Amino acid sequence: MRRLHKLAVATAVVALAAGCGGGGSGSKASNTSVGNTSSGSHSPASSAPSSPAPTSSSPDATATVVVIKPAADTANADPASQIQVSVANGKLTSVTAQLSGGNAVAGTLDPSGASWTSADPIGIGHTYLVTAVAMGDDGKQQTATSQFSTAKPTAVFAGTYTPDNGTTFGIAQPVSITFDKPIADKATVEKRLTVTSDPPVTGAWHWFGSQRVDWRPQQYWAPGTKVSLHMRLDGVKSGSLYGKQNRDVTFTIGRALVARMDANAKKMTVTTGGKTTTLATSSGKPGFETWNGTMVVLEKQQDIRMDSTTVNIFGVNAYDIPHVYWDVRLTPSGTFVHGAPWNEGKFGKVNGSHGCVGMSSSDAEWFFNQVIPGDPVTVVNSKDTVRADNGFGDWNLNWNDWVAGSAVH
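Thresholds, definitions, all that
Residues numbered from 1 in each chain as written. Predicted model: local features only at pLDDT ≥ 70, side-chain atom pairs only at ≥ 80, totals over all residues. Heavy atoms only, no water. Helix = DSSP H or I, 4+ residues; strand = E, 2+ residues; numbered from the N terminus. Buried < 20%, exposed > 50% of the residue type's maximum accessible area, 1.4 Å probe, protein only. Areas by Shrake-Rupley, 256 points an atom, 1.4 Å probe, with all protein chains shown as cover. Arc of directions from axis to C-beta. Phe/Tyr/Trp six-rings, centres within 6.5 Å; stacked < 30°, edge-to-face > 60°. Lys NZ or Arg CZ within 6 Å of the ring centre and 35° of its normal. Pairing = 2+ DSSP bridges. Axes fitted to C-alpha atoms, helices over the stretch in contact; angles between N-to-C directions. Contact = heavy atoms within 4.5 Å. Polar contact = N/O pair within 3.5 Å; in protein donor to acceptor, adjacent residues only side chain to side chain. Salt bridge = Lys/Arg side-chain N within 4 Å of Asp/Glu carboxyl O.

A. A look at the overall build of the chain. Each helix and strand in the chain was counted, giving three helices and 27 strands. For the chain, with 409 residues in total, the buried portion stands at 45%. About 18900 Å² of surface is accessible on the chain, with carbon and sulfur atoms providing 51% of the total.

B. Looking closely at helix H2 (residues 361-370). The complete set of buried residues in H2 reads Ala-364, Phe-367 and Phe-368. Down the axis of H2, the buried set is contained in an arc of 105°. They therefore lie on one face.

C. Quick look at the packing of aromatic side chains. Summed over the entire model, instances satisfying the criterion amount to eight aromatic pairs. Measuring from centroid to centroid gives 6.0 Å for Phe-208 and Trp-402, while their planes differ by 65°, and the two rings are edge-to-face. Taken together, the positions of Phe-208 in strand E13 (residues 203-208) and Trp-402 in helix H3 (residues 399-404) put the pair 194 residues apart, joining distant regions of the chain. The pair formed by Phe-208 and Trp-402 is uniform in burial state, with each residue classed as buried. Every member of this aromatic cluster is reached through a ring pair, and the members are Phe-157, Phe-179 and Trp-207. Above the face of the Trp-402 ring, Arg-216 is positioned so that its terminal group lies 5.2 Å from the ring centre.

D. Highlighting the sheet that holds strand E1 (residues 65-69). Here we have four strands laid out as an open sheet, ordered E1-E2-E5-E4, and antiparallel in their pairing. The sheet terminates laterally at E1 and strand E4 (107-109), the two strands that pair on one side only. Shown here is a sheet whose adjacent strand axes are inclined to one another by a mean of 10°, direction ignored. Of the pairings in the sheet, the one linking E4 to strand E5 (residues 115-118) comprises three bridges and is antiparallel in character. From the neighbouring strand, Thr-108 faces E5, where its bridge partner is Thr-117.

E. Looking closely at the environment of Thr-225. Mapped onto the fold, Thr-225 is located in the loop between strand E14 (212-217) and strand E15 (226-232). A relative accessible area of 1% places Thr-225 in the buried class. Between the C-alpha atom of Thr-225 and that of Thr-252, which follows or precedes it by 27 residues, the distance is 5.8 Å. Every residue in contact with Thr-225, bar those within four places of it in the chain, is listed here: Ser-197, Asp-198, Pro-199, Phe-251, Thr-252 and Ile-253. At 2.6 Å, the side chain of Thr-225 forms a polar contact with the backbone oxygen of Ala-222.

F. Structural detail: the side chain of Thr-150. Residue position: Thr-150 is located in the loop between strand E7 (141-149) and strand E8 (156-157). A distance of 2.9 Å separates the side chain of Thr-150 from the backbone oxygen of Gly-123, its partner in a polar contact. From its side chain, Thr-150 meets the backbone nitrogen of His-126 in a polar contact 2.8 Å long.

G. Quick peek at the sheet that holds strand E9 (residues 159-162). Ordered by their spatial adjacency, four strands build an open sheet running E9-E11-E14-E13, and the pairing between neighbours is antiparallel. Edge strands, defined here as strands with exactly one partner in the open sheet, are E9 and E13. Direction aside, the axes of adjacent strands within the sheet are offset by 15° on average. Note that strand E11 (residues 175-179) and E14 share four bridges and pair antiparallel. Note on E14: the bridge partner recorded for Ile-177 is Val-213.

H. The pattern of salt bridges, seen in detail. Across all of its chains, the model carries eight salt bridges by this definition. Across the pair Asp-214 and Arg-212 runs a salt bridge whose closest N-O atoms are separated by 2.6 Å. For Asp-214, a relative accessible area of 0% puts it in the buried group. Its relative accessible area of 14% is what places Arg-212 among the buried residues. Two residues, Asp-248 and Arg-232, come together in a salt bridge whose shortest N-O distance is 3.0 Å. With a gap of 16 residues between them, Asp-248 in strand E18 (residues 246-253) and Arg-232 in strand E15 connect regions that are remote in the sequence. The exposure class assigned to Asp-248 is partly exposed, which follows from its relative accessible area of 36%. Among the charged side chains, a network of salt bridges with common partners joins Arg-212, Asp-214 and Asp-394.

I. Geometry of unusual backbone geometry. The amide bond that connects Lys-69 to the next residue, Pro-70, takes the cis arrangement and shows omega of 0°. Looking at the secondary structure, you find Pro-70 in the loop between E1 and strand E2 (84-88). Phi at Asn-381 is positive, roughly 60°, even though this residue is not glycine. As for its placement among the helices and strands, Asn-381 is situated in the loop between strand E27 (376-380) and H3. Asn-381 sits in the partly exposed class, given a relative accessible area of 42%.

Here it is as structure tokens:
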């Protein structure tokens, strides 16, 4: 997972615990004329010479005027503002806005031709050149330009996202962003985050507190789906903070695998490729029951140390095992599926773990080799449903509750 700051490019034309735990005016206006009145007349009834009538000059009210904002030579334009071009007594025929380096900026031309507005905020620390061409009502063409730079505020926020670009995940994988600072204006930020897929699906964002937001489809992804996250946060303002990221990330959904562990039967079924395999298990003993509900594979490690103090287990139930093999992590709080040879004889018969799902070494190795991050593992007939924000427990919220967590819906 990486942080990246890069302005979006578009075309503008006219326009983790390791132990088992349970539960302006910068343009020049041309075609401006000055009107003069004629001199006054001489009165024949007077022998005194007459005084000439006063003259006046004023701009022609019908002159074409193009205005570009931010104005030319602005050095610290507000990153949250947009480029705005307007014309009086004429119509815009083309507007181009380019970043230093040549990348064009998307924008929208008003149907009347009276104005053009950039699609996105101008962002942090950029230099732009805007050129606008208008045709006046008098039939004369006018061109105006503005070159300006944007401010570089120090109060900024950024998000760490998953999945990463070019990766493959299981059918239950959400899109998740964790921000480095609390988000005061969730709706504004959420509107700048979109997820698209091929084939399209119904989905929504859900906020967990003020720093994490996840997007998941209503149902599990179909195998082979291409999913893209579009972050357009450069210059987006939330409270006193400015966003600094524009990012496009695409990942793929792999084959379908679903695992289901029954704590009463002490068995796990793993279904993939049209075949179901049953594995004997030993899950959490009384007082240390394995979380109920659906968890999503977070990562795999072949060998880790499991220390009960990392999951707040002390005293007579404490343990410290230097080498635990074939470890599939389900929650940050310390729930794994792993090999547990010390519980040989309990698999399929007795639940004797401190909250993890234990298996024989051979079964654990097989399971380890089958699963990938994003695969769902559902536990039934246990106790206490895993929290939705403990790893990716997103699927334990029904759809109405999930959508209710959006700041926009």
